Amino acid sequence: MKKFALGVGIVALAIFSFLYIQLYRVQSSIGAQLAQQNIAVQSVNLSLFPPALSLKNIKTTQFSVQKLEAKLNFLPLFYGNAKLHSLNLQQITLNQNTQNSANISMDLAPFSLNQLLSQKVMLNGESHVRVEFDKPIYGNKTFNFTFNKANLDFSKSKSALIQFVDASLNNQPLGYIETHADFTSPRQQMVTYIKPQCDNDCLAILKYQQIDNQSAANFSGKYFPVKRLFALLNLPEVLSGHADFNIDFTFLHSQLIQGKLNILAQNGEILGVNLLDMVSQYFPINYNGELLQNKELNTRFEQFYLQLFLQQNQLIAEKIELKTPALLGQGKGIIDLNRMECNVDINLHSTDQRYQNLTLPINFFGNCSSPQYKINFTKKFRHQLIDAIKEKLR
């Protein structure tokens, strides 16, 4: 019995020794790759139970990370092939003057640890990335990104190619994403193409550039699905259809300080509001049956134009223009990005030439997804309504 216990102990010791040798080789390989790429690290530590790699105070010319933790699969260590399945980065910043840091956690399709710092990384399988900023960006602190395949190619000295297949951001499917980046020159820049699956030839392009502590982003697109666009912009889901858009953001020390948005949505619906049913109670107009038969709480439109600018945590709608088969509207308003509350004033009038002088002023307020409303019965509106009734009775 003692010999058996001794034999088991010797085998266990041999296994542990083998695993620690494998971990030492991994540690030496990581240290060599870090030195080769001029990445400064305060310490590199490996643990066996559970298998994990930890790096502290990582610094490069492009970014710094307070701590990196990589969790490894246990069984592949026996074959000398350490495989990574989880990665956490704490307090990552792009430069010394950045005033907004982020924590990034990744649950990845297993891949070799040797690829972690290699010039080409390929991931096959469902992967999840969660980015949480210390301070909110555009009213949002947390972004969840998923994909099924990825290719990260840093083999060229002055440019990088990053590709994602079946990607989604905050539960909105984005399809194929391709990024070309150059972070080696003083004017760091990046161009990203987003090609989701849609009924037409839709495409969005994100251009980003940074000089010292200032950076700017331009996001534009054609025929892009409105619901996905609003989800990306952290806007309430109030419209459907497709949109042409052009958006400019300016950052200082990685904090958003200015934003301008121009969005033209076409052939969609205003969700949660039936303007035609609402207006028919006050306008002396006989709408045809086809227009009134749709009793759902939506409003079909031909065009919906928004011109907005960002002011702290609010979006100011300088111009709102609406065109439906039966109604035209103009207005302005405010969207509170923190509480997702809207306060919008819009003036509606009929497309019927006989009632162009009759304008119905409506104020929408409260939750943007299910707003309340009130009709502003001013003296001007009362006189317009009386005149319209008289005209109809003639």
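Residues numbered from 1 in each chain as written. Predicted model: local features only at pLDDT ≥ 70, side-chain atom pairs only at ≥ 80, totals over all residues. Heavy atoms only, no water.

## So, the overall build of the protein chain
For the record, the criterion: Put simply, DSSP H or I for four residues or longer makes a helix, DSSP E for two residues or longer makes a strand, and each gets a number counted from the N terminus. The cut-offs for exposure are 20% and 50% of the maximum accessible area for each residue type, with area from a 1.4 Å probe on protein chains only; residues under the lower value are buried, those over the upper are exposed, and the others partly exposed. The contact definition used throughout considers only heavy atoms, calling two residues in contact when any of these lie within 4.5 Å. Computed with a 1.4 Å probe, the accessible areas rest on the Shrake-Rupley method; for each residue, only the protein chains presented here act as cover.
On a plain count of helices and strands, the protein chain comes out with five helices and 20 strands. Considering the protein chain as a whole, with its 394 residues, one finds that 41% of them fall into the buried category. Across the protein chain, every contact between residues at least 6 apart in sequence was considered, and the portion connecting residues at least 24 apart equals 42%. As presented, the protein chain carries roughly 22100 Å² of accessible surface, and 53% of it is formed by carbon and sulfur atoms.

## Let's talk about empty space enclosed by the protein
Rule in force here: Each cavity reported here is a set of points on a 1 Å grid over the protein atoms alone in which a 1.4 Å probe fits but cannot get out, each pocket an open set with protein on both sides within 12 Å along at least five of seven lines, and each lining residue one with an atom within 4 Å of a point. Grid points are joined across faces, edges and corners, and a volume is the space filled by probe spheres set on the points. By the convention adopted, Pro, Cys, Tyr, Trp, Phe, Met, Ile, Leu, Val and Ala count as nonpolar, Lys, Arg, Asp and Glu as charged, and the other residues, Gly among them, as polar.
If you walk through the whole model with that rule in mind, you get one cavity of 30 Å³ or more. Estimated volume of the largest cavity: approximately 460 Å³. Surrounding the largest cavity, 25 residues form its lining, Val238, Ile270, Phe304, Cys342 and Val344 being those nearest its centre. Put simply, the parts of the chain that give the lining of the largest cavity at least two residues each are strand E14 (255–271), strand E15 (298–311), strand E16 (314–323), strand E17 (327–336), strand E18 (341–350) and strand E19 (360–367). Each residue belonging to the lining of the largest cavity can be placed in one class, and the counts come to 23 nonpolar, two polar and no charged.

## Considerations on the nonpolar core
Our working rule: Throughout this description, the term nonpolar core refers to a set of buried Ala, Val, Leu, Ile, Met, Phe, Trp, Tyr and Cys residues connected via side-chain atoms within 4.5 Å.
Core analysis: the biggest nonpolar cluster contains 83 residues, and Leu229, Phe230, Leu239, Leu275 and Phe304 have the highest contact counts within it. Ignoring any residue separated from it by four or fewer positions in sequence, one finds Leu275 in contact with Ile270, Thr299, Leu322, Leu327, Leu348 and Phe364.

## Digging into the side chain of Thr179
What counts, and what does not: Two N or O atoms count as a polar contact when they lie within 3.5 Å, although within protein this holds only if one can serve as hydrogen donor and the other as acceptor, and sequence-adjacent residues are included solely when both atoms are side-chain atoms.
Structurally, Thr179 is set in strand E9 (residues 172–182). What makes Thr179 buried here is its relative accessible area of 7%. A polar atom in the side chain of Thr179 sits 2.9 Å from the side chain of Thr192. Setting aside chain neighbours within four positions, we find Thr179 in contact with Ala160, Leu161, Ile162, Met190, Val191 and Thr192.

## Comments concerning the packing of aromatic side chains
What counts, and what does not: Classification of ring pairs rests on two measures: the distance between centres of Phe, Tyr or Trp rings, Trp counted by its six-membered ring, which must be within 6.5 Å, and the angle between planes, read as stacked under 30 degrees, edge-to-face over 60 and tilted in between.
Across all of its chains, the model carries eight aromatic pairs by this definition. For the pair Phe133 and Phe143, a centre-to-centre distance of 6.0 Å together with 90° between the ring planes defines the contact as edge-to-face. Of this pair, Phe133 sits in strand E6 (residues 120–137) while Phe143 sits in strand E7 (residues 140–153); the two residues are 10 residues apart in sequence, bridging distant segments of the chain. Ring geometry for Phe147 and Phe164: centres 5.0 Å apart, planes at 55°, overall tilted. One end of the pair, Phe147, is in strand E7; the other, Phe164, is in strand E8 (residues 160–169), and 17 residues separate them in sequence. Residue classification places Phe147 among the buried residues on the basis of a relative accessible area of 4%. Counting every residue linked through ring pairs, the aromatic cluster contains Phe145, Phe147 and Phe164.

## A look at the environment of Pro196
Inspection of the secondary structure puts Pro196 in the loop between strand E10 (187–195) and strand E11 (203–211). In this structure Pro196 comes out as buried when scored by relative accessible area, which is 2%. The contacts of Pro196, once residues within four sequence positions are left out, are Pro173, Leu174, Gly175, Cys202, Phe224, Pro225 and Arg228.

## Notes on the confidence of the model for the protein chain
Stated formally: What pLDDT conveys is the predictor's confidence in a given residue, as a value from 0 to 100.
Overall, the prediction assigns the protein chain a mean pLDDT of 79, with 76% of residues at 70 or greater. Per-residue pLDDT, averaged within each element of the protein chain, yields its smallest value for helix H1 (residues 2–36) (52) and its largest for E16 (94). Low confidence marks residues 2–19, where pLDDT is under 50. Its contacts with residues over four positions away, or in another chain, come to nine contacts.

## Description of unusual backbone geometry
In this structure, Asn170 takes a positive phi of about 50° despite not being glycine. Mapped onto the elements of the fold, Asn170 is located in the loop between E8 and E9.

## Considering the state of the cysteines
We apply this condition: When two cysteine sulfur atoms are found within 2.5 Å, that pair is recorded as a disulfide.
If you walk through the whole model with that rule in mind, you get two disulfides. At a sulfur-sulfur separation of 1.9 Å, the disulfide partner of Cys342 is Cys368. Its S-S torsion of about 105° marks the bond between Cys342 and Cys368 as right-handed, since a negative value means left-handed. Of this pair, Cys342 sits in strand E18 while Cys368 sits in the loop between E19 and strand E20 (372–375), and the two are 26 residues apart along the sequence. Residue classification places Cys342 among the buried residues on the basis of a relative accessible area of 15%.

## With respect to the pattern of salt bridges
Where we set the bar: Salt bridge, as applied in this entry: a Lys or Arg side-chain nitrogen positioned within 4 Å of an Asp or Glu carboxyl oxygen.
The full count for this structure, using the stated rule, is seven salt bridges. Between Glu302 and Lys323 there is a salt bridge, with the nearest N and O atoms lying 3.9 Å from each other. One end of the pair, Glu302, is in strand E15; the other, Lys323, is in strand E16, with 21 residues separating them in the sequence. A salt bridge links Arg339 to Asp336; the nearest nitrogen and oxygen atoms lie 3.2 Å apart. The exposure class assigned to Arg339 is exposed, which follows from its relative accessible area of 59%. The structure contains a network of salt bridges with shared partners spanning Asp336, Arg339 and Glu341.

## A few points about the pairing of E15
Remark: a regular strand shows side chains that alternate across the two faces of the sheet. Put simply, the rule reads: Here the rule is simple: two strands pair whenever DSSP picks up at least two bridges between them.
Pairing analysis gives 12 bridges linking E14 to E15, with the strands arranged antiparallel. When the sheet's bridge partners are listed, Gln266 is paired in E15 with Gln303. In terms of strand pairing, E15 meets E16 through nine bridges, oriented antiparallel. Bridge pairing links Gln303 to Lys323 in E16. Counting the residues in the hairpin turn of E15 and E16 gives two residues, including Gln312, whose phi is positive at 55°.

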